[in-house]
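Results of the structural survey
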Amino acid sequence: MRLAFVRYGAAVLLGLAGPVSLAAPRAALGMTCEPASLDDEVTPRAFPTEVRAALDTVVRAELSQGPVAGLSVGVTRGAERWVCAYGLRDVGRKLPATPRTTYRMASVTKSFTAVAVLQLVEQGKLSLDADISTLVPSYPAKQWPVTVRDLLGHVSGVPTYDGVASTRNAKAVSTEAAIAAFAGKPLAFEPRTRYLYTTWGYNLLGAAVETASGQSYRDYLREHIFKPAGMPNADLDITATRDEHQAKGYRIQGAALKPSRFLDVSSRFAGGGTRATVGDMLGFGRAVLSHTLVSRETMGRMQTSMATIDGRLTDYGMGFATYPLRGHYVVAHAGGQPETTTLLMMLPAEDTVIALASNVEGEARRMRRLSIRLMEQVLEEGNTRRDAYVADPVDAVVHEGLSRVASYGLSYHQWATRGPGVLPEETDLPGAFAQVSAMLNRKEIGRDARAALERVRSGHDPRLRALFIRVGAHMARTLEKVHGAERMKAYTVEGPLAFFEDYLAACDAKQVPEAARIGEPLRADVLRLAASWKRAQLPALQRLRLDEEKNPEAHWVALRKSVTASPGFHPDYSDELLRIAEGFAWRKQPASRRRWLERAVELQPRGLDARWALSEALLAANPEEDVLPHLREAVATPQGVLALAPRNFLKRLFTAESTAVAAGLLRAGVALHPEAPELWEALAKREQSLGRKAAATTALREAKRAREAPKPEVAPAPSVPEVPGASGPVPDDHGLVPAGK
């Protein structure tokens, strides 16, 4: 492929010396694109003009919403390819990002390492069941054996970073020194009893690659991964490999970009120590989808989620996060560390790869949102898919169950028929359908909606014999026979209710045997919800997002009217309205920010995210007494109870805009959960940092009281999946965690 680039756009306006303003109009972003032939005989070839224009529009709309230095974007579908870079790789020197710009890959490196390990397994040089201490002599045997397989899936018990000192290495280290940093630490738990994401565990795998292959980790990757995958610019991120194309990294501080702190990533060499271009990332993704690096069977195993001993899927296979998303089967990895945020997203059943890399750290949420918008343009004809807002607690559990059955069913069916996946064995189909109907029975849910929601969120797990996967995949297979493959693509746009409606119609037409039918009252609930959903649609927003519009105010009256037609069940516009409000926050327009947050609460009065965001804005303006009622309303649903349980409450604080706002939220948190010592302890730290010594002392006293109080014997609230990076100041963001499956 030619190395020349086609240059588009005017001069980039972000190249100021020193701190950089984060507000940048869309037209200011320069763009450089990789050429692709329009001749179908040449590979790769360009996407159609309208698709390229739509992709560019989506990226520019995203970058207009706040901080940006440089961003490179790549998409492939089959033989079609699009690679463009936006903004600056070096702000101070005003150097543009180009398709040749290299970025730190951070944790995407783990996928490279995992493929290297599985190559050696296929060659008989490694065993997945080998104790890692036999392969890495400098790592002593622990209280339980730790296998290669355990390490690949982050179920090994090998701990993760345990303090600032372990995350701020500034000197180049050898493989032995990287292992020595944690070799003496005991396992955090017995392998396979829990999931714990750990870069240290992947360093052990990198050392095992060296032992088994007889090559250095770098040489092995270059010869066996980068070269056959067509990744000419990929390498370890060390001083010797950096050139003028390497992006300079930035972090966000207040309303400015500041240079990232220096981190030598040789200390995490196999878990986060490589660099590459977005084109290299696409090359790796295509090699994964075409089974160039390992066999189809092996790749299928790598893309299969592991499970804990008690039968809970981890949503992580061997080196890849892997899970359903709105009916698509996603295989992905994200990365984040000083200087960078990256995301590689692959959809095996649809032969599609999306790659994103930015030289601004802490951008995991943006990457996830942008990847989904790009997916919508390439695979869903540009339609904007929104989740549902459901006010009634019982309806909320029913709808979540329907959504999970449809998404798991569609994605696993597609993955098994068009990708390397394997479906669970279909056994006792009548019993499985009866069990789903019983699990989503309104009367039973009404007895304990929180417990019912927890059961629903476990419906795909092995401990329930993959119930939702088996039932959903059977439904998908039936509908494909009845309506054909093209109709299957529509369900990812139209959503779970269309999937269930079509299945009920097939039942009525006697195209489905009695044993595989959906019972009452679930059947009536599906039809009722589907009718309400259709009433609430706003055609003008079918292919638009409000936060991507230059004048979202123009849509407000029609939006409010459409929601009024179905106030308790309609498309959830929270994310878009919150993004609009966030834009006003960056521009320091608090009144406009608050107006849009209040609108989000008006449309979704029981929406957790809307209430939380409004609470933050209120705290920023200091009327703290208004916050607690909003959070009490947010926990009025089963979803809110779980999402604002103490551990999940703490996770949300890491995105708070200031220490004062975080302290205010914690004061509300201890009012909601007075028996949660972890909230009191966190509040004490915040109060101390604000100079409120008396308040900090009181909080510590309450923490001690809560710890010493007898504990009721109730099951702990499960952790709600969060976007990587939201759970704390971890130096590496991990694989793309599912949200809204």
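One structure accompanies this document, and this report is about it.

For the pair helix 26 (residues 646-653) and helix 27 (residues 659-672), the least separation of the axes is 10 Å and the interaxial angle reads 170°. As far as their axial angle goes, helix 27 and helix 26 are roughly antiparallel. Two secondary-structure elements touch here, helix 26 through Phe 649, Leu 650 and Leu 653 and helix 27 through Ala 662, Leu 665, Leu 666, Gly 669 and Leu 672. The residue makeup of the contact of helix 26 with helix 27, split by class, is 7 nonpolar, 1 polar and no charged.

Glancing now at helix 19 (residues 522-535). Relative to the 20 Å expected for 14 residues at 1.5 Å per residue, helix 19 spans 20 Å between its end C-alpha atoms, a close match to the ideal helical length. Every buried residue of helix 19 is accounted for by Leu 522, Asp 525, Val 526, Leu 529, Ala 530, Ser 532 and Trp 533. Looking straight down helix 19, one finds that the buried residues subtend no more than 165° of arc, so they occupy a single side. Opposite the buried face of helix 19, by more than 90 degrees, sit the exposed residues Lys 534 and Arg 535.

For the rest of this paragraph, the subject is the environment of His 291. Relative to the helices and strands, His 291 resides in the loop between helix 9 (278-289) and helix 10 (296-302). In this structure the C-alpha to C-alpha distance between His 291 and Ile 309, which are 18 residues apart in sequence, comes to 30 Å. For His 291, the contacting residues outside a window of four places in its chain are Arg 296, Met 299 and Pro 420.

What follows is about the packing of aromatic side chains. This structure, assessed with the given rule, holds 17 aromatic pairs. Consider the rings of Phe 112 and Phe 284, whose centres lie 4.8 Å apart with planes at 75°: the pair is edge-to-face. Of this pair, Phe 112 sits in helix 2 (residues 109-122) while Phe 284 sits in helix 9, placing them 172 residues apart in sequence. Across the pair, Phe 284 and Phe 112 agree in class, each one buried. For the ring pair Trp 612 and Phe 649, a centre distance of 5.0 Å and an interplane angle of 75° mean the geometry is edge-to-face. With a gap of 37 residues between them, Trp 612 in helix 23 (residues 608-620) and Phe 649 in helix 26 connect regions that are remote in the sequence.

To continue, consider the sheet that holds strand 11 (residues 274-276). Ordered by their spatial adjacency, 3 strands build an open sheet running 7-11-8, and the pairing between neighbours is antiparallel. Here the strands that pair on one side only, and so sit at the sheet edges, are strand 7 (103-104) and strand 8 (235-236). Summarising the sheet, strand 8 and strand 11 pair through 2 bridges and their orientation is antiparallel. Each bridged residue has a counterpart across the sheet, and for Leu 236 the counterpart in strand 11 is Thr 274.

Conventions adopted
- Residues numbered from 1 in each chain as written.
- Predicted model: local features only at pLDDT ≥ 70, side-chain atom pairs only at ≥ 80, totals over all residues.
- Heavy atoms only, no water.
- Axes fitted to C-alpha atoms, helices over the stretch in contact; angles between N-to-C directions.
- Helix = DSSP H or I, 4+ residues; strand = E, 2+ residues; numbered from the N terminus.
- Parallel < 35°, antiparallel > 145°, perpendicular 65-115°, else oblique.
- Contact = heavy atoms within 4.5 Å.
- Nonpolar A, V, L, I, M, F, W, Y, C, P; charged D, E, K, R; others polar.
- Expected span 1.5 Å × (residues − 1).
- Buried < 20%, exposed > 50% of the residue type's maximum accessible area, 1.4 Å probe, protein only.
- Arc of directions from axis to C-beta.
- Phe/Tyr/Trp six-rings, centres within 6.5 Å; stacked < 30°, edge-to-face > 60°.
- Pairing = 2+ DSSP bridges.

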